[in-house]
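Take a look at the letters that make up each chain.
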Amino acid sequence: MSKAIKLLENVIRQYPINSEAQIMLAKARWLTGEVNIALKTLNECLKTDPNLVEAHILTSIINMESGDIHAASNALQQAFSQDFSIRDNPVFLLIKAQVDMKMKNYQEALKSLETAFELPGVK
């Protein structure tokens, strides 16, 4: 993983606006336990392009796993505001349900899971 991180850092140094490389670096940092650096990378990425739904989703996942449920919820709301069609994505709905469960919004969590289950190709 450290070789991948170094390679991605080099790519970003040469092409700082490469959002795909920034998101991949954030994932690698997160997977190696460098949560704060991963979130910082995602924040920098979103400063460049606030429309990156994948960056918002990853920010939500990392915040949720770190226990910052409100930040996770806010990141999901940002993802949804950038792309309304994401509500038809089963991964988004699963993450939303997990965040809702942690916030004790059980009815909303159930609703998200039911919606995900009804999507084509999920059953």
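Let me sum up the structure you'll find in this document. Residue numbers here run from 1 along each chain, matching the order of that chain's written sequence. This being a predicted model, a pLDDT of at least 70 is required before a residue's local features are given, and a value of 80 or more before pairs of side-chain atoms are given or counted; all residues contribute to the totals for chains, interfaces and linings. To obtain the side-chain values, all non-hydrogen atoms of the structure were included, while hydrogens and water were left out.

Let us now look at the nonpolar core. Residues Ile 57, Leu 76, Ile 86, Phe 92, Ile 95 and Val 99 are the most contacted members of the largest nonpolar core, which totals 15 residues. Here a helix means four or more residues in a row that DSSP labels H or I, a strand means two or more in a row labelled E, and each is numbered from the N terminus. Secondary-structure elements contributing two or more residues to this core are helix H4 (53-66), helix H5 (69-82) and helix H6 (90-102). Between two residues, a contact is recorded if the distance between any of their heavy atoms is within 4.5 Å. Aside from chain neighbours lying at most four places away, what touches Ile 95 is Ile 57, Ser 60, Ile 61, Met 64 and Leu 76. Listed in part, the eleven residues of the second largest apolar core include Ala 38, Cys 45, Leu 46 and Ile 62. Joining through side-chain atoms within 4.5 Å is the link that ties buried Ala, Val, Leu, Ile, Met, Phe, Trp, Tyr and Cys residues into a set, and such a set is a nonpolar core. Type-normalised accessible area, obtained with a 1.4 Å probe on protein chains alone, sets the label of each residue: buried when under 20%, exposed when over 50%, and partly exposed for intermediate values.

Two rings from Phe, Tyr or Trp (for Trp, the six-membered ring) form a pair when their centres are within 6.5 Å of each other. A pair whose planes differ by under 30 degrees is stacked, one over 60 is edge-to-face, and the rest are tilted. Counting across every chain of the model gives two aromatic pairs. Measuring from ring centre to ring centre gives 5.2 Å for Phe 80 and Phe 84, while their planes differ by 70 degrees; the resulting arrangement is edge-to-face. The interplanar angle of 15 degrees and the centroid separation of 6.5 Å between the aromatic rings of Phe 80 and Phe 92 together place this pair among those described as stacked. Remark: Phe 92 occurs in helix H6 and Phe 80 occurs in helix H5; sequence separation between them is twelve residues. Relative accessible area serves as the criterion here: at 30%, Phe 80 is assigned to the partly exposed category. Within the aromatic cluster, the residues linked to one another by ring pairs are Phe 80, Phe 84 and Phe 92.

The next point concerns the pattern of salt bridges. Salt bridges are counted wherever a side-chain nitrogen of Lys or Arg sits within 4 Å of a carboxyl oxygen of Asp or Glu. What the rule picks out here adds up to five salt bridges. The salt bridge partner of Glu 54 is Lys 27, with a shortest N-O separation of 3.0 Å. A residue pair is termed long-range when its members are at least 10 positions apart, and Glu 54 in helix H4 and Lys 27 in helix H2 (residues 19-31) qualify at 27 residues. Residue class for Glu 54 comes out partly exposed when judged on its relative accessible area of 43%. Here Lys 96 ties to Glu 108 by a salt bridge, and the two come within 3.5 Å at their closest N and O atoms. Placement of the pair is Lys 96 in helix H6 and Glu 108 in helix H7 (residues 106-118), with a sequence separation of twelve residues. Relative accessible area serves as the criterion here: at 22%, Lys 96 is assigned to the partly exposed category. Because the salt bridges share partners, they merge into one network encompassing Glu 9, Arg 29 and Glu 34.

Moving on to unusual backbone geometry. Its identity as a non-glycine residue notwithstanding, Lys 104 has a phi of 65 degrees, on the positive side. Tracing the backbone shows Lys 104 in the loop between H6 and H7.

Purely spatial values, then, with no claim about function.
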